[in-house]
Amino acid sequence: RAARPLAPIQPTIWRTRLQQTGYWTDPYGDQKPVTHMTPYETYMALAWLEVNAARITPIADPIAWVTATPLAQALIRQAS
């Protein structure tokens, strides 16, 4: 199978995605229901958000902002 390129990070789209709780959109642009994610998948999604937080929002503490969003909180709940 050929390698797929990562989808570009589009801050406006990500800020919208972070306000919902139903679906995680992976770095390739594929969606998965948060409730169907394994703990490993949720940890990886949260790690991706933290690594890319500064590219998503230009505020002073982007990691704190991202982890407080509804999607990040849904991922945290699913992981536990």
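Refer to the preceding data block for the structure.
Residues numbered from 1 in each chain as written. Predicted model: local features only at pLDDT ≥ 70, side-chain atom pairs only at ≥ 80, totals over all residues. Heavy atoms only, no water.

Asker: Could you give me a rundown of the packing of aromatic side chains, with the residues and numbers involved?
Answerer: For the structure shown, the criterion picks out 3 aromatic pairs. Ring geometry for tryptophan 14 versus tryptophan 48: centroids 4.8 Å apart, planes at 35°, classification tilted. Residue tryptophan 14 is located in helix H1 (residues 11-17), and its partner tryptophan 48 is located in helix H2 (residues 39-56); the two are separated by 34 residues in the primary sequence. Relative accessible area serves as the criterion here: at 17%, tryptophan 48 is assigned to the buried category. Ring geometry for tryptophan 24 against tryptophan 48: centres 5.8 Å apart, planes inclined by 75°, an arrangement best described as edge-to-face. One end of the pair, tryptophan 24, is in strand E1 (residues 23-25); the other, tryptophan 48, is in helix H2, and 24 residues separate them in sequence. (Phe/Tyr/Trp six-rings, centres within 6.5 Å; stacked < 30°, edge-to-face > 60°. Helix = DSSP H or I, 4+ residues; strand = E, 2+ residues; numbered from the N terminus. Buried < 20%, exposed > 50% of the residue type's maximum accessible area, 1.4 Å probe, protein only.)

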